[in-house]
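Chain residues, written in single-letter form:
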Amino acid sequence: MGSTIQTNDGRYYQKPSIGATIGGIAAGSIVANTMQAGLTPIGLWSSKQMRKIAQTTNPNEIRPALYQAVENSGLKDKLKILDLKDQAIPTTTAKTLKEKILSFLKPKIDVVGMASRGENAFFQPINKQIVINTDKLGIAGFHEVGHAMNFNNSKILKTIQKMRPQLLFGIPSLILAISLFKRKKAPCEKPKGFFDKTTTFIKENAGKLAALSIVPIVIEELVATKKGNALAKQLLSPENFKKVIKANRWGAISYIGGTILIGTSVWLANKVKDAIAGPKEIEPQE
């Protein structure tokens, strides 16, 4: 393989050097990772708004309605609620640097602890239960019942739930890697062979494809919300029903915002890499 490219229109281009390629990949990766770090603030902000809404409701009114929602969903024998409202939240004083780091990181990855503190709620298909603190975030439970209905009543939506890690992280990461390691084609340079054509297509549409990979998750989330809202409407006062709707909108915003952010981050990372390590036109070769 030479260091120059001759395109179909007779022009010549210099391929990027190894140094430029490495630099472009590194810069693109930094851009993508930096932007995608914004997923956490989006999630935390949405969760905070949901908690604020939940605090305006009476848990003693929401809790029995949530249990009745399980009954009305048709999943009485397939779904339980693990209510963490009475679970004590341990407090420790970090002294060493290691303890301080662990005390900072643990709450971010301990999903049960987060549910206990009312920072989230989730449906756990393995144990057939909804993990929630009904005192602090009870209104989120109807959406989780919707997830349980999706899992038990739809093969497609169940598959989406099972593939969630791959759709949210695996596929976008693969698309990002292909877009960064694949050299940009020179103008009028045609791809050759199936592999080259496939990877070129992925590179040229990386941002869109990364966002599209997450769309099934967004759809499943919206369907869960629709089903949960329908149950809530049957069981809650109009005032509390409106609060459930409002809280679920914040959840939808976090997923839609995350989809846009991931797609944009992959698109921009690809552009940065190509700006640093793209083919450069040179004078015709003698």
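The preceding data block contains the structure.
Parameters and conventions
- Residues numbered from 1 in each chain as written.
- Predicted model: local features only at pLDDT ≥ 70, side-chain atom pairs only at ≥ 80, totals over all residues.
- Heavy atoms only, no water.
- Helix = DSSP H or I, 4+ residues; strand = E, 2+ residues; numbered from the N terminus.
- Rg over C-alpha atoms; globule rule 2.2 N^0.38 Å.
- Buried < 20%, exposed > 50% of the residue type's maximum accessible area, 1.4 Å probe, protein only.
- Pairing = 2+ DSSP bridges.
- Axes fitted to C-alpha atoms, helices over the stretch in contact; angles between N-to-C directions.
- Phe/Tyr/Trp six-rings, centres within 6.5 Å; stacked < 30°, edge-to-face > 60°.
- Lys NZ or Arg CZ within 6 Å of the ring centre and 35° of its normal.
- Core = buried A, V, L, I, M, F, W, Y, C linked by side-chain atoms within 4.5 Å.
- Contact = heavy atoms within 4.5 Å.
- Expected span 1.5 Å × (residues − 1).
- Arc of directions from axis to C-beta.

1. Points about the overall build of the protein chain
In terms of regular secondary structure, the protein chain is built from twelve helices and six strands. Its C-alpha radius of gyration of 24 Å places the protein chain more than 25% over the 19 Å reference for a compact globule of 286 residues. Along the first, second and third principal axes, the C-alpha atoms of the protein chain reach 85 × 50 × 30 Å. Split into buried and exposed, the 286 residues of the protein chain put 42% on the buried side.

2. Brief notes about the sheet that holds strand β1 (residues 4-6)
Spatial ordering of the open sheet is given by β1-β2-β6, a layout of three strands whose pairing is antiparallel. One side of each edge strand has no neighbouring strand; the edge strands of this open sheet are β1 and β6 (280-282). When the angles between neighbouring strand axes are averaged without regard to direction, this sheet yields 40°. Across three bridges, the pairing between strand β2 (residues 12-14) and β6 is antiparallel. Bridge pairing in β6 places Tyr 12 opposite Ile 282.

3. Section: the sheet that holds strand β3 (residues 80-83)
Hydrogen bonding along the main chain pairs the strands of a sheet, whether they run parallel or antiparallel. Reading across from one edge, β3-β5-β4 is the order of the three strands in this open sheet, with mixed pairing throughout. The open sheet has two edge strands with one neighbour each: β3 and β4 (122-124). For this sheet the average axis-to-axis angle between neighbouring strands, irrespective of direction, equals 30°. Note: β3 against strand β5 (residues 129-132), four bridges, orientation parallel. Residue pairing across strands places Asp 83 opposite Ile 132, the latter belonging to β5.

4. As for the packing of aromatic side chains
Scanning the model with the defined rule gives one aromatic pair in all. Seen from their ring centres, Phe 123 and Phe 151 are 5.8 Å apart, and the 65° between their planes marks the pair as edge-to-face. On the criterion of sequence distance, the pair formed by Phe 123 in strand β4 and Phe 151 in helix α7 (residues 141-153) is long-range, its members being 28 residues apart. On the basis of relative accessibility, which here comes to 12%, the residue Phe 123 falls in the buried class. Residue classification places Phe 151 among the buried positions, given a relative accessible area of 15%. Cation over ring: Lys 158 sits above Phe 151, and NZ or CZ is 4.9 Å from the ring centre.

5. Let's talk about the nonpolar core
Ranked by internal contacts, the top residues of the largest apolar core, which has 30 residues, are Leu 79, Ile 139, Phe 142, Val 145 and Leu 236. Sorting the residues of this core by element identifies α2 (39-54), α3 (59-72), β5, α7, α11 (206-235) and α12 (238-276) as the ones contributing at least two each. If sequence neighbours within four positions are ignored, Val 145 has contacts with Leu 66, Ala 69, Val 70, Ser 73, Ile 130 and Leu 231. Counting 17 residues, the second largest nonpolar core, distinct from the first, contains Ile 25, Ala 32, Leu 157 and Ala 269.

6. Let's talk about α2
In a regular helix each residue adds 1.5 Å, so 16 residues correspond to 22 Å; α2 covers 23 Å between its end C-alpha atoms and thus fits that length. Looking at α2, one finds that the buried residues are Ser 46, Ser 47, Gln 49, Met 50, Ile 53 and Ala 54. The buried residues of α2 all sit within an arc of 160° when viewed along its axis, so they share a single face. Close packing links the buried residues of α2 with α6 (134-137) and α12.

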